[in-house]
Amino acid sequence: MFVISKDIVLVVLWTTSRCNLACKYCYAGSTHLKADMDFETAAQTLDLFSDQYMKIQFAGGEPLLNYPLICQVVAYVKAKQYDASFQMQTNGIGITPEIAVGLKKMKIALGVSLDGPPEVNEFTRGKTREVIAGIGCLADEGIKINLNSVVTSHSVEALPKLVNFAYYLGNVGGIGLDLLRDAGRARDHGETNKKATPEQLKQALAGMVETSQELYELTGKKIVIREIHEARQRLKMSPCSKDYCYASCGRSFVVLPNGDVYPCGSLIDNPEYSMGNVKNQPLKSIVVGKSEPDACKACEFYAVCPGGCPSRLLINGNDGEAVSLDCVLKKVAFEIARND
């Protein structure tokens, strides 16, 4: 999970730039490309990496708004016998019983975006009733999911309650946290999009772990907190790879509907990170480098910590803070994992 293999490439197909939500902080919210990817562009992309193992991720926008393309891509990969796996991050709104059956048949690993219990998610994202209905359709098919939550000052204190709600949903295996990015709508409407404070983040993560453990002791079922799980695994394998993600080692290719390629979905409006277009090869290789403050080298977890998200740190800067929220999140996770 945390080791980036040199034999794998992450291919992100931006199936559509359309969305059926208008999340207050969406980093892709300002993109001008309100278009769907066609099958020709998707096939050209996959053919480029036909001799490598591909981790294919469907993204957007809301990827399920172009569900027919997803079906075509999976069928094409199987027909060509390409070595690949599939994953998708969705808001869950478009999941019907029929689509749930299809997703199960195609063996697509699913993450669903949910920022907190219903009242919190309704404020930050909206259409929570439809999201819960979609998750229910997946549960009916026995499909396990993970939740992804964007952490803001509005949602952070309710994260322990999200663990309870995840348990209630029944088919949630884990929760991962995504710190706010100062891009898209978050940048355009900063007055309603504020970052959590370091102290709020520390308390929230500790509360999530405590709630998860209490549920486990009562029921035998545990909701895994991604950041704690990764920290625990890294501590077991010290020292280990310090790569943060595929973009940080030049093996990530985010392909927009028109074929333009970037190393990360957070950088699609930054021409400096353009890798070219799948219709005009070869593509430029780009590594999203990360800055490493001197303080990192003095940290007790330096040998195992991958640092913060390079794209997020690039977008956010440090805003005058001595320590980034990425650092706070990683360090608290390591401390909790060490004391398990």
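All values reported here derive from a predicted model rather than from experimental measurement.

> Can you help me understand unusual backbone geometry in this one?
One can expect most non-glycine residues to show negative phi and most peptide bonds to be in trans. Positive phi, close to 60°, is recorded for Gln81, a residue that is not glycine. Positionally, Gln81 belongs in the loop between helix H2 (67-80) and strand S3 (84-90).

> Sorry if this is basic, but what is going on with the packing of helix H1 (residues 39-48) against H2 here?
Each packed pair of helices is defined by two parameters, the angle between the axes and the distance between the axes. Interhelical geometry of H1 versus H2 gives an angle of 35° and a closest axis separation of 10 Å. The element H1 and its partner H2 pack so that their crossing is right-handed. Judged by residue contacts, Phe39, Ala42, Ala43, Leu46 and Asp47 of H1 engage Leu69, Gln72, Val73, Tyr76 and Val77 from H2. Across the contact of H1 with H2, the residue classes tally to 8 nonpolar, 1 polar and 1 charged.

> What is the right way to look at the pattern of salt bridges in this model?
Think of it this way: side chains of opposite charge can pair up when their charged atoms draw near. By the definition in use, this model includes 6 salt bridges. A salt bridge links Asp178 to Arg312, with the nearest nitrogen and oxygen atoms 3.0 Å apart. Of the two residues, Asp178 is situated in strand S6 (residues 172-179) and Arg312 in helix H11 (residues 310-316); the sequence distance between them amounts to 134 residues. Classification of Asp178 as buried rests on a relative accessible area of 16%. With a shortest N-O distance of 3.1 Å, Glu230 and Arg234 are connected by a salt bridge. In this pair, Glu230 and Arg234 are both assigned in helix H9 (residues 226-236), 4 residues apart and thus about one turn of the helix distant. Arg234 gets classed as buried once you look at its relative accessible area, which sits at 1%.

> It is not clear to me how the pairing of S6 should be interpreted in this structure. Could you clarify?
Every other side chain in a regular strand lies on the same face of the sheet, so the side chains alternate between the two faces. Of all 8 residues in S6, 7 are buried, a share of seventy percent or more. Sheet analysis places strand S5 (residues 145-151) next to S6, joined by 7 bridges and oriented parallel. The residue of S6 that forms the bridge with Leu147 is Ile175. After leaving S5, the chain enters helix H6 (residues 159-169) and then returns to the sheet as S6, a path that is right-handed. Pairing between S6 and strand S7 (residues 224-225): 2 bridges, direction parallel. Looking across to S7, one finds that Ile175 is bridged to Ile225.

> Mind showing me how you'd approach helix H3 (residues 97-106) here?
Three or four residues apart is the spacing at which side chains of an α-helix point the same way, because the helix has 3.6 residues per turn. Inspection of H3 places Ile99, Ala100, Gly102, Leu103 and Met106 among the buried residues, and these make up the whole buried set. In a view along the axis of H3, the buried residues occupy a sector of 160°, so they form one face of it. In H3, the exposed residues that point more than 90 degrees away from the buried face are Glu98 and Lys105. Buried-residue contacts for H3 involve H2, S3, strand S4 (108-113) and helix H5 (128-140). Lys107 lies just past H3 and shows a positive phi near 55°.

> I keep staring at the side chain of Gln57 and nothing clicks. Help me out?
By secondary structure assignment, the location of Gln57 is in strand S2 (residues 53-60). Within the structure, the side chain of Gln57 is placed 2.8 Å from the side chain of Gln87, a separation counted as a polar contact. With sequence-adjacent residues up to four places away left out, Gln57 is seen in contact with Leu10, Val11, Val12, Leu13 and Gln87.

> For this particular structure, what's the right way to read the packing of aromatic side chains?
Centre distance and the angle of the planes are the two values used to describe a pair of aromatic rings. Taken as a whole, this structure holds 6 aromatic pairs when the rule is applied. Note on Phe39 and Tyr76: the rings are 5.4 Å apart at their centroids and 85° apart in plane angle, and the pair reads as edge-to-face. Residue Phe39 is located in helix H1, and its partner Tyr76 is located in helix H2; the two are separated by 37 residues in the primary sequence. Overall, the relative accessible area of 29% leaves Phe39 in the partly exposed class. Centre to centre, the rings of Phe58 and Phe86 are 6.1 Å apart; their planes meet at 5°, and the pair counts as stacked. Residue Phe58 is found in strand S2, and its partner Phe86 is found in strand S3; the two are separated by 28 residues along the sequence.

Conventions we followed
- Residues numbered from 1 in each chain as written.
- Predicted model: local features only at pLDDT ≥ 70, side-chain atom pairs only at ≥ 80, totals over all residues.
- Heavy atoms only, no water.
- Helix = DSSP H or I, 4+ residues; strand = E, 2+ residues; numbered from the N terminus.
- Axes fitted to C-alpha atoms, helices over the stretch in contact; angles between N-to-C directions.
- Left-handed = near helix turned anticlockwise from the far one by under 90°.
- Contact = heavy atoms within 4.5 Å.
- Nonpolar A, V, L, I, M, F, W, Y, C, P; charged D, E, K, R; others polar.
- Salt bridge = Lys/Arg side-chain N within 4 Å of Asp/Glu carboxyl O.
- Buried < 20%, exposed > 50% of the residue type's maximum accessible area, 1.4 Å probe, protein only.
- Pairing = 2+ DSSP bridges.
- Right-handed = clockwise from strand over helix to strand, strands pointing away.
- Arc of directions from axis to C-beta.
- Polar contact = N/O pair within 3.5 Å; in protein donor to acceptor, adjacent residues only side chain to side chain.
- Phe/Tyr/Trp six-rings, centres within 6.5 Å; stacked < 30°, edge-to-face > 60°.

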